[in-house]
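# Observations on the model geometry
If you want the building blocks of each chain, they are given just below.
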Amino acid sequence: MMSDRLRAFSGQIIAVGVALLLGAIIILLVGESPVRVLMTLLRGAFGDQEKIAGTLLQTTPILICGVAACIGLRGGMFNVGIEGQLFLGGFAAAWVGFTFSLPAGIHMLAALALAIVAGAAWVAIPAFFRARYNTNEVVSTILSNYIAVLLTSYFTIFLFKRPGGWSETPPILATAYLPEIFSFSRLNWGLVIGLLLAVGVALVFRYTSWGYGVTMVGSAPKFAEYGGVNVKRQGFVVLLLSGAVGGLAGGVETLGVHHRFMEGFAPGFGFDGLIAALLANGSPVATIVTALFFGALRSGSLLLEVDTSASREIITVIQALIILSVSAQVLIKRRGDSQAGERRWKF
Amino acid sequence: MEILDKLINVALIAATLRTTAPILLVALGGSFTTKAGIFNIGLEGQMLAGAFFAVIGSIWTGSAFAGMACGVAAALAFALAFAVLVVTFRANEVVVGLALNILAGGMTISLMKAIFGTRGSIVGHGIVGLPKVQIPGAQALLGSWAPLVSGFTPIVYVAFIAVPLLVLFYNRTRLGLYIRVVGEKPEAAEALGISITRVRYIASLLCGLLAGLAGAHLSLGYITMFTENMSSGRGFMAVAILIFSNGDPLKVLAGCLLFGFADAFSLRLQTFGFPSYLVLTVPYVVALTALFALSYRARPKIIKETLASMQKLLSVDRNSSPVDKNPQ
């Protein structure tokens with residue numbers, strides 16, 4: 001058992017290495033030195049305490065989105081709509097933040113609660129059709145992303161624009177802020193929420209019968225059905241929870257970092273979270289590590305744009321290459337397995 | 001009424017044909033992989049790569065058609081990567097497809113920055129757009145209806161001609177039949193000695209070919225520029241169409257015309273002062289609605305049985321059974 005895990009882990013590391021090598025070649029192709037890019041990334045991510053706090057700040061939404069993706073993946077559902085849930089959650093939290101005035105603390109919790117509801121509500125329709133009619137959730141959640149982003153832009157610019165501002169809502173009241181941890185950074189308690197969530201979800205999967213049922217549906221749906229799990233209802237609930245956590249990510253981002261909703265406020269965090277979860281093989285605790293990795297890449301890429309001629313999207317390329325080589329590696333091991341048409345991401 | 005006249009006219013139909021072409025091409029490309037039993041969510045990335053390299057090729061060679069060839073080559077490279085990972089390594093097709101889409105997005109932006117030093121879009125730089133084909137005699141014969149058949153770029157004609165060709169391909173050629181067998185009954189294909197691997201590779205590459213053409217149409221035909229993520233979900237809409245059409249070319253055409261119309265109509269609505277953000281959601285909403293409304297294949301048993309019995313009652317009048325799915 002342990003050696004299996006160790007082998008999978010070392011395979012994962014090798015795959016990341018291969019991807020970084022390919023990434024280095026691409027960096028050479030765009031006319032930059034890979035060593036310089038790497039050093040700039042490292043300096044941008046861990047250069048001093050502010051940079052490290054910046055890395056953790058970027059890690060927070062990726063981690064929460066990653067946990068959202070993990071919940072889906074464990075239950076055999078690809079929630080590719082985390083990006084959209086993040087945007088709607090972010091807007092919902094901002095709306096509570098600037099519309100109502102409540103006592104400190106309660107205000108923040110109310111905003112986060114509405115963010116969670118917004119995320120879950122947004123995924124409810126794809127989840128319903130997936131559970132009832134087996135409508136492919138990958139496509140429906142991807143398409144709903146585009147609608148969510150445009151819809152929040154519409155809300156922001158046409159309905160709730162800050163007077164005199166451009167494409168942003170009024171600022172939220174200070175009673176709804178997520179408190180900051182250090183004085184020198186916007187790093188806030190959202191990170192703690194993310195860490196607790198990751199550990200909590202991992203514990204639920206490990207120690208509760210519900211969590212066991214979810215994992216069972218994800219890995220062997222027929223077996224789960226014979227074992228008495230209501231597979232359809234479980235799929236619905238899993239997607240709903242995944243969307244709820246996606247919405248929470250948006251709420252945390254709004255209340256902790258921006259303190260208002262802006263058009264395009266958190267681009268790509270949802271996808272980064274999904275990639276982090278895939279790289280972590282659907283394990284919420286391992287997602288902490290992969291989210292930190294991607295957070296560091298993202299934070300380092302900010303300096304990349306300043307100090308080198310490479311664009312910061314080069315890290316997107318590296319992320320994609322990592323996932324591609326990991327997906328190939330997982331299956332090199334299984335090449336001897338049966339030809340049967342099953343092709344599901346294995347855990 | 002006057003507003004309706006302004007909204008719906010020959011120009012709108014012509015615009016519909018123009019907006020239908022890219023999504024039709026990419027969806028027809030996807031029909032190869034769908035028929036071969038591969039769920040190809042990577043269409044979006046292939047299309048984007050095609051659009052970007054078509055512009056690059058057009059700038060470097062000064063020829064629109066050489067640019068188109070470059071775009072197709074790039075899309076083929078993505079399709080080949082997809083096939084290697086999915087068919088040979090049997091990696092998860094959703095993961096690979098999504099990763100290739102992300103790769104295409106990041107790569108095009110990075111290369112744009114490296115080559116042109118700009119972000120956002122490539123305009124000018126000597127991009128040569130595809131010529132518009134004027135069909136001789138169209139103006140004389142059809143008068144004001146001429147824009148419906150004449151004045152499109154060649155790729156638009158290719159897209160619409162491809163529909164009947166694909167119908168013939170699936171029903172009348174050996175390769176078409178092989179692709180369908182591999183998709184529907186891989187065991188039967190194996191028993192017949194058909195190489196599943198080879199057929200799936202061919203299907204993936206054919207898909208890349210059409211996706212590349214679709215991309216080239218976006219950046220050289222529809223408008224003459226490249227912008228970040230300019231495929232803007234058309235590849236995903238194509239996948240939605242493929243899911244409910246099961247890759248049948250005629251149904252694909254019907255679905256694509258619906259989206260092309262939604263696209264053209266929403267552009268039209270924008271000029272009438274509707275909030276652009278809401279108008280822009282129209283194609284996606286249409287895609288989702290169609291996907292949900294038509295996901296009947298797995299309707300609950302009771303509805304399916306009721307419909308089946310009703311069909312039986314109705315078909316008593318007819319002589320032949322209406323469905324003959326497997327010609328083999």
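Refer to the preceding data block for the structure.
Residues numbered from 1 in each chain as written. Chains lettered and ligands numbered in written order. Predicted model: local features only at pLDDT ≥ 70, side-chain atom pairs only at ≥ 80, totals over all residues.

## Some points on the overall build of chain B
- From N to C terminus, chain B includes 14 helices and two strands.
- The burial tally for chain B puts 50% of its 328 residues in the buried class.
- The long-range fraction of contacts in chain B, counting pairs at least 24 apart against all pairs at least 6 apart in sequence, stands at 75%. (Helix = DSSP H or I, 4+ residues; strand = E, 2+ residues; numbered from the N terminus. Buried ≥ 20, exposed ≤ 12 C-beta atoms within 10 Å, placed from the backbone. Contact = placed C-beta atoms within 7 Å.)

## Things to note about the interface of chain A and chain B
- Counting residues at the interface gives 45 residues for chain A, matched by 42 residues for chain B.
- Of all the secondary structure elements, the ones that give two or more residues to the side of chain A that touches chain B are helix 5 (106-133), helix 6 (137-159), helix 11 (269-279) and helix 13 (314-333) of chain A.
- The greatest single-element share of the side of chain A that touches chain B, amounting to 14 residues, is contributed by helix 6 of chain A.
- Considered class by class, the residues forming the side of chain A that touches chain B number 30 nonpolar, 12 polar and three charged. (Nonpolar A, V, L, I, M, F, W, Y, C, P; charged D, E, K, R; others polar.)

## What to know about helix 8 (residues 174-184) of chain B
- Among the residues of helix 8 of chain B, those classed as buried are Tyr178, Ile179, Arg180, Val181, Val182 and Gly183 of chain B.
- Tucked into the core, helix 8 of chain B has its buried residues touching helix 2 (10-35), helix 7 (154-172), helix 9 (186-191) and helix 10 (196-222) of chain B.

## Considering the packing of helix 4 (residues 82-99) of chain A against helix 6 of chain A
Residue and element names in this part refer to chain A.
- Two elements in contact, helix 4 and helix 6, have axes whose closest approach is 7 Å; the angle formed by their N-to-C orientations is 20 degrees. Compared by their axis directions, helix 4 and helix 6 come out roughly parallel. Note on packing geometry: the crossing formed by helix 4 with helix 6 is left-handed. In this structure, helix 4 contributes Glu83, Gly84, Phe87, Leu88 and Phe91 to the contact, and helix 6 contributes Ser144, Asn145, Ala148, Val149, Thr152 and Phe155. (Axes fitted to C-alpha atoms, helices over the stretch in contact; angles between N-to-C directions. Parallel < 35°, antiparallel > 145°, perpendicular 65-115°, else oblique. Left-handed = near helix turned anticlockwise from the far one by under 90°.)

## As for unusual backbone geometry
All names here are of chain B.
- Its identity is not glycine, yet Arg90 carries a phi of approximately 50 degrees, on the positive side.
- Along the polypeptide, Arg90 turns up in the loop between helix 4 (64-88) and helix 5 (93-116).
- Unlike most non-glycine residues, Asn246 shows phi in positive territory, near 55 degrees.
- Here Asn246 shows up in the loop between helix 11 (234-245) and helix 12 (249-270).
- Given 13 C-beta atoms within 10 Å, Asn246 falls into the partly exposed group.

## As for helix 3 (residues 49-74) of chain A
Residues and elements named next belong to chain A.
- Compared with an ideal rise of 1.5 Å per residue, which puts 26 residues at 38 Å, helix 3 spans 36 Å between its outermost C-alpha atoms and is within 8% of the ideal.
- A maximum bend of about 30 degrees is found in helix 3 at Thr59, where proline Pro61 lies one to four positions downstream.
- Taking burial as the measure, the 26 residues of helix 3 include 22 buried ones, the bulk of the element.
- Remark: Gly76 follows helix 3 within two positions and exhibits a positive phi of approximately 75 degrees. (Expected span 1.5 Å × (residues − 1). Bend = angle between axes of the 7 residues up to and from the residue.)

## A short note on the environment of Gly29 of chain B
Residues and elements named next belong to chain B.
- With respect to the secondary-structure elements, Gly29 resides in helix 2.
- Taking the C-alpha atoms as reference points, Gly29 and Gly247, separated by 218 residues in sequence, lie 9.3 Å from one another.
- What Gly29 contacts, discounting residues up to four positions off in sequence, is Leu43, Leu206, Cys207, Leu209, Leu210, Ala211 and Ala214.

## A few points about the environment of Ser266 of chain B
Residues and elements named next belong to chain B.
- For Ser266, the location among the structural elements is in helix 12.
- A C-alpha to C-alpha distance of 6.4 Å links Ser266 and Val282, two positions 16 residues apart in sequence.
- With residues up to four places along the chain from it excluded, the contact list for Ser266 reads Val279, Leu280, Val282 and Pro283.

## Examining the packing of helix 8 of chain B against helix 10 of chain B
All names here are of chain B.
- Where helix 8 contacts helix 10, the two axes come as close as 10 Å, and the packing angle between them is 110 degrees. Taken together, the axes of helix 8 and helix 10 are roughly perpendicular relative to one another. Judged by the twist between their axes, the crossing of helix 8 over helix 10 is left-handed. Counted together, Tyr178, Ile179 and Val182 of helix 8 and Ile196, Val199, Arg200 and Ala203 of helix 10 form the full contact between these two elements.
- For the contact of helix 8 with helix 10, the residue count by class is six nonpolar, no polar and one charged.

## A short note on the environment of Pro126 of chain A
Residue and element names in this part refer to chain A.
- As for its position among the elements, Pro126 is in helix 5.
- By the C-beta count within 10 Å, which is 29 here, Pro126 ends up buried.
- Once the C-alpha coordinates of Pro126 and Phe236 are considered, the two residues, 110 residues apart in sequence, prove to be 9.0 Å apart.
- Sequence-distant contacts of Pro126, that is, excluding residues within four places in its chain, are made with Gly81, Glu137, Ser140, Thr141 and Ser144.

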